[in-house]
Amino acid sequence: MGSGESERQHRRLDAYNRTRLAPRAVSDGARWLEREHAHRCDEIRFVDQELAAVRSWAREAPTDPERFVAWFEGLCSLGPGQGDPLFPWLAREADASQMRWFLAQETAGEAGFDDLVALAQLKLPPRAKLEMARNYWDEMGRGKEHAMHGPMLERLGEELDVAAMAADPVWESLALANLMMGLAANRCYGYQAIGALGVIELTAPGRAEQVNAGLKRLGVRGEARRYFALHATLDVKHALAWNREVLAPLVAADPSAATALAEGALARLTAGARCFARYRSELWGEDAAADAA
Ligand SMILES: [Fe+2]
Ligand SMILES: [Fe+2]
């Protein structure tokens with residue numbers, strides 16, 4: 001698929017995803033279902049392609065629970081996009097408008113971790129379900145609105161007036177959000193969704209720390225930076241618990257889940273790496289971005 005077609009597909013899916021999970025009152029349910037069907041065919045074609053691209057790598061994942069978790073944790077250094085030079089540059093060199101542009105893209109690529117976890121935990125056995133409930137409760141600020149993670153990111157966006165730059169995000173950011181929603185909303189990808197969410201917890205802290213350092217260097221106050229400061233440490237704990245309480249028991253109960261969990265993780269990291277490469281080429285120019293890759 002050419003980048004023009006990818007662009008059109010991801011803008012289409014993004015428009016659908018913005019409202020798909022919201023409750024609504026329709027008078028013609030059959031017509032709603034027809035539209036839903038067309039969008040989901042489009043979505044599933046995209047998700048299947050992304051998973052097929054990482055399948056042979058995913059088959060290398062061990063099917064023994066302990067060895068699977070060790071393999072999964074190895075993705076933190078060996079996975080696609082890990083150690084991308086974009087992040088040290090954001091920490092040390094990006095100016096305020098470059099940082100705002102980056103945050104606008106990241107916000108566009110954010111599918112709402114809380115809703116994704118809520119969808120992914122359906123019908124899981126108790127141990128995995130309970131860990132995902134604890135994770136969800138943290139996303140909910142443990143019952144305090146000001147501590148909810150989604151609104152915390154929105155407040156940073158408002159403080160830096162990111163909306164002014166978010167009108168036209170690159171398609172790679174939309175593809176990242178579309179992938180996460182496609183995995184979580186279709187139960188045929190239940191294990192892949194859990195692998196993808198787990199690898200976010202595993203790999204987010206390193207990036208969050210560098211973004212937080214960049215924001216601090218640019219004079220952004222602590223309260224506004226809280227989303228990144230928090231995820232630099234909290235997600236380390238979330239990842240350990242996810243691997244121990246969700247991944248290991250699921251692989252123990254069904255060894256064939258290992259490949260699907262690995263597929264989701266690798267597809268998510270690959271989609272992230274595609275974003276970082278595009279961000280570098282937009283922020284640094286094509287040649288400098290290619291030299292750094
Ligand atoms: Fe979070
Ligand atoms: Fe987390």
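Rules and cut-offs
- Residues numbered from 1 in each chain as written.
- Chains lettered and ligands numbered in written order.
- Predicted model: local features only at pLDDT ≥ 70, side-chain atom pairs only at ≥ 80, totals over all residues.
- Heavy atoms only, no water.
- Donors = N, O, S within 2.8 Å, 3.2 Å for Na, K, Ca; no water.
- Helix = DSSP H or I, 4+ residues; strand = E, 2+ residues; numbered from the N terminus.
- Buried < 20%, exposed > 50% of the residue type's maximum accessible area, 1.4 Å probe, protein only.
- Core = buried A, V, L, I, M, F, W, Y, C linked by side-chain atoms within 4.5 Å.
- Patch = residues over 30% accessible without salt bridge, like charges linked within 9 Å, V, L, I, M, F, W, Y side chains within 5 Å.
- Areas by Shrake-Rupley, 256 points an atom, 1.4 Å probe, with all protein chains shown as cover.
- Salt bridge = Lys/Arg side-chain N within 4 Å of Asp/Glu carboxyl O.
- Expected span 1.5 Å × (residues − 1).
- Bend = angle between axes of the 7 residues up to and from the residue.
- Axes fitted to C-alpha atoms, helices over the stretch in contact; angles between N-to-C directions.
- Parallel < 35°, antiparallel > 145°, perpendicular 65-115°, else oblique.
- Left-handed = near helix turned anticlockwise from the far one by under 90°.
- Contact = heavy atoms within 4.5 Å.
- Nonpolar A, V, L, I, M, F, W, Y, C, P; charged D, E, K, R; others polar.
- Phe/Tyr/Trp six-rings, centres within 6.5 Å; stacked < 30°, edge-to-face > 60°.

Student: Explanation requested: the coordination of the iron ion (ligand 2) in the structure shown.
Tutor: Think of it this way: four donors in a tetrahedron around the metal ideally sit 109.5 degrees apart, and six in an octahedron ideally sit 90 or 180 degrees apart. Taken together, the protein ligands of the iron ion (ligand 2) are E201 (OE), E201 (OE), D235 (OD) and H238 (ND1), with distances of 2.1 to 2.5 Å. Taken as a pair, the iron ion (ligand 2) and the iron ion (ligand 1) show a spacing of 4.1 Å. With a gap of 34 residues between them, E201 in helix 10 (residues 190-217) and D235 in helix 11 (residues 226-253) connect regions that are remote in the sequence. Here E201 matches D235 in class, with each residue buried.

Student: Would you mind showing me how to read the environment of E158 here?
Tutor: Here E158 shows up in helix 8 (residues 149-159). A sequence separation of 66 residues divides E158 from A224, and the C-alpha atoms of the two residues are 9.1 Å apart.

Student: Where do I start with the coordination of the iron ion (ligand 1) in this structure?
Tutor: The coordination sphere of the iron ion (ligand 1) contains the protein donors E139 (OE), H149 (ND1) and H231 (NE2), at a distance range of 2.1 to 2.2 Å. Positions of the donor residues of the iron ion (ligand 1) along the chain correspond to the pattern E-x9-H-x81-H. Residue classification places E139 among the buried positions, given a relative accessible area of 6%.

Student: Just to check I follow, could you spell out the nonpolar core for this structure?
Tutor: Across soluble globular proteins, nonpolar side chains have a tendency to be buried as a group. By size, the foremost hydrophobic cluster in this structure holds 81 residues, and its most contacted members are F68, L103 and I194. In terms of residues, this core owes the most to one element, helix 12 (residues 257-284), which gives 13 residues.

Student: Would you mind going over a nonpolar patch on the surface with me for this structure?
Tutor: Together, V26, W32 and L33 make up an exposed nonpolar region whose accessible area comes to about 270 Å². Mapped onto the elements of the fold, V26 is located in the loop between helix 1 (3-20) and helix 2 (29-58). Given the relative accessible area of 44%, V26 is considered partly exposed.

Student: Any chance you could explain the pattern of salt bridges here in plain terms?
Tutor: Where side chains of opposite charge bring their charged atoms close, a pairing between them can arise. Scanning the entire structure with this criterion turns up 19 salt bridges. The partner of E50 in a salt bridge is R274, with the nearest N and O atoms 2.9 Å apart. Separated by 224 residues along the polypeptide, E50 in helix 2 and R274 in helix 12 bring together distant segments of the chain. Between E263 and R55 there is a salt bridge; the shortest N-O distance is 2.6 Å. With a gap of 208 residues between them, E263 in helix 12 and R55 in helix 2 connect regions that are remote in the sequence. By relative accessible area, E263 is classed as buried at 5%. A residue is classified by how much of its surface remains accessible, and R55, at 26% relative accessible area, is partly exposed. Connected through shared salt-bridge partners, E7, R11 and D168 make up one network.

Student: What should I look at first to understand helix 11 in this one?
Tutor: One turn of an α-helix holds 3.6 residues; hence residues three or four places apart share an orientation. Taking 1.5 Å of rise per residue, the 28 residues of helix 11 would be expected to cover 40 Å, and the 38 Å separating its terminal C-alpha atoms lies within 8% of that figure. Bending of helix 11 peaks at approximately 35° at the position of A232.

Student: Mind showing me how you'd approach the packing of helix 2 against helix 12 here?
Tutor: The contact between helix 2 and helix 12 brings their axes to 8 Å, and the two run at 110°. If you check the angle between helix 2 and helix 12, you find them roughly perpendicular. The handedness of the crossing between helix 2 and helix 12 comes out as right-handed. Contact residues: helix 2 offers F46, E50, L51, V54, R55, W57 and A58, while helix 12 offers T259, A262, E263, G264, L266, A267, T270, A271 and R274. When grouped by side-chain class, the residues that make up the contact of helix 2 with helix 12 number nine nonpolar, three polar and four charged.

Student: I tried to follow unusual backbone geometry on my own but got confused; where do I start?
Tutor: Most peptide bonds adopt trans geometry, and most residues besides glycine take a negative phi value. Its identity as a non-glycine residue notwithstanding, K123 has a phi of 60°, on the positive side. Residue placement: K123 occurs in the loop between helix 6 (113-120) and helix 7 (126-139). Phi is positive for D161, close to 50°, though the residue is something other than glycine. Here D161 lies in the loop between helix 8 and helix 9 (171-185).

Student: In this structure, what is going on with the packing of aromatic side chains? I would like to understand it.
Tutor: Given two aromatic rings, one states the distance between the centres and the angle between the planes to describe the pair. Following the criterion strictly, the structure yields eight aromatic pairs and no others. Arranged with centres 5.9 Å apart and planes meeting at 85°, the rings of F87 and F102 form a pair that is edge-to-face. Of the two residues, F87 is situated in helix 4 (residues 86-92) and F102 in helix 5 (residues 96-108); the sequence distance between them amounts to 15 residues. The same class applies to F87 as to F102, namely buried. Pairing Y227 with F228 gives two aromatic rings, centres 5.2 Å apart and planes at 85°, and the pair type is edge-to-face. For the pair formed by Y227 and F228, the shared burial category is buried. Members of the aromatic cluster, joined through ring pairs, are F87, W101, F102, F276 and Y279.

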